[in-house]
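Here are the chains, one letter per residue:
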Amino acid sequence: MLIIAGLGNPGAKYQNNRHNIGFMAADAIAQRWHFGSPRAKFQSVIQEGEVGGVKSLLMKPQTFMNSSGNAVGEAARFYKIAPANIIIFHDEIDLAPGRFRMKTGGGAAGQNGIRSLISQLGPDFRRARMGVGHPGEAALVHGHVLSDFHKAEQPWLEALLNACADALPFAIAGDDERYQGEVMRLAPAPKFSPRQAAQAAKGE
């Protein structure tokens, strides 16, 4: 059994924020693989289903982003699921918009949801990092991730969400490298440094 969790903040105020791209990925996965009806458990909205013949628990923690680990940790302890069988979808400011990278282990890199998860699970869970770009200055990051995606961003956003859902059997099988490659094949995105691009747009 696997846990697949998308990170975000609960409530209509936040639902279209860049910070909520993990929730959006969870919704796309639930729709693509016909997961069961949503219900409340483990301080989350959960859905149960199968991907590639493997039973999976899909979670959207309702604890707010910075306490995501409390929800996922509770489910992991209940089902005795090891970090290697936990996949976390989350926004990543140090990837260009639409880019996608899988990573296992490491630090939080300033992502408070990941920091909370590390505190509960240790570092060795799998991270599905979804690029939302960087505003160019550290002081602008908070406002950037808590702002809504622009209408012009919808094409790459929809393509990325669909690709993450369609290619998911590779991740379920444990082949994160192939999963990453297939997502980028299905939803290609320009590769550039988000910080450099933001600074260039400002004429720096």
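Our structure's up above, just so we're on the same page.
From a predicted model like this one, the values you see are computed outputs, not experimental measurements. (Residues numbered from 1 in each chain as written. Predicted model: local features only at pLDDT ≥ 70, side-chain atom pairs only at ≥ 80, totals over all residues. Heavy atoms only, no water.)

Before going further, it helps to examine the nonpolar core. If you look at the biggest cluster of nonpolar residues, it comprises 39 residues, and the most contacted ones within it are Ile 29, Phe 89, Phe 100, Met 130, Leu 168 and Tyr 179. The element that contributes the greatest number of residues to this core is helix H1 (residues 21–32), accounting for 7 residues. Core analysis: the next-biggest nonpolar cluster, separate from the first, contains 20 residues, Leu 57, Ala 71, Val 72 and Ile 81 among them. (Core = buried A, V, L, I, M, F, W, Y, C linked by side-chain atoms within 4.5 Å. Buried < 20%, exposed > 50% of the residue type's maximum accessible area, 1.4 Å probe, protein only. Helix = DSSP H or I, 4+ residues; strand = E, 2+ residues; numbered from the N terminus.)

The tally for this structure, following the rule as stated, stands at 7 salt bridges. When the shortest N-O distance is used, the salt bridge between Glu 153 and Arg 18 registers 2.8 Å. Of the two residues, Glu 153 is situated in the loop between helix H4 (141–145) and helix H5 (154–166) and Arg 18 in the loop between strand E1 (2–6) and H1; the sequence distance between them amounts to 135 residues. Residue Glu 153 shares its accessibility class with Arg 18, and that shared class is buried. For Lys 60, the salt bridge goes to Asp 27, with nearest N and O atoms at 2.8 Å. Of this pair, Lys 60 sits in strand E4 (residues 54–61) while Asp 27 sits in helix H1, and the two are 33 residues apart along the sequence. Using a relative accessible area of 16% as the deciding quantity, one classes Lys 60 as buried. (Salt bridge = Lys/Arg side-chain N within 4 Å of Asp/Glu carboxyl O.)

Further remarks concern the side chain of His 90. Inspection of the secondary structure puts His 90 in strand E5 (residues 86–92). Discounting chain neighbours no more than four positions away, the residues touching His 90 are Leu 7, Ile 21, Gly 22, Gln 111, Ile 114, Arg 127, Ala 128, Arg 129 and Met 130. (Contact = heavy atoms within 4.5 Å.)

On to the sheet that holds E5, then. What the 7 strands build is an open sheet, ordered E2-E3-E4-E1-E5-E7-E6; its pairing is mixed. Of all the strands in the sheet, just strand E2 (39–41) and strand E6 (100–104) have a single pairing partner and so form its edges. On average, each strand axis in the sheet is tilted by 30 degrees relative to the strand beside it, whichever way the strands run. Of the pairings in the sheet, the one linking E2 to strand E3 (residues 44–51) comprises 3 bridges and is antiparallel in character. In the strand pairing of E3, Lys 41 is matched with Ser 44. Each of E5, E6 and strand E7 (126–131) touches helix H7 (residues 176–186); the most contacted strand, E6, lies at about 170 degrees to it. (Pairing = 2+ DSSP bridges. Axes fitted to C-alpha atoms, helices over the stretch in contact; angles between N-to-C directions.)

So, to be careful, I would describe these as geometric facts and stop short of saying anything about function.
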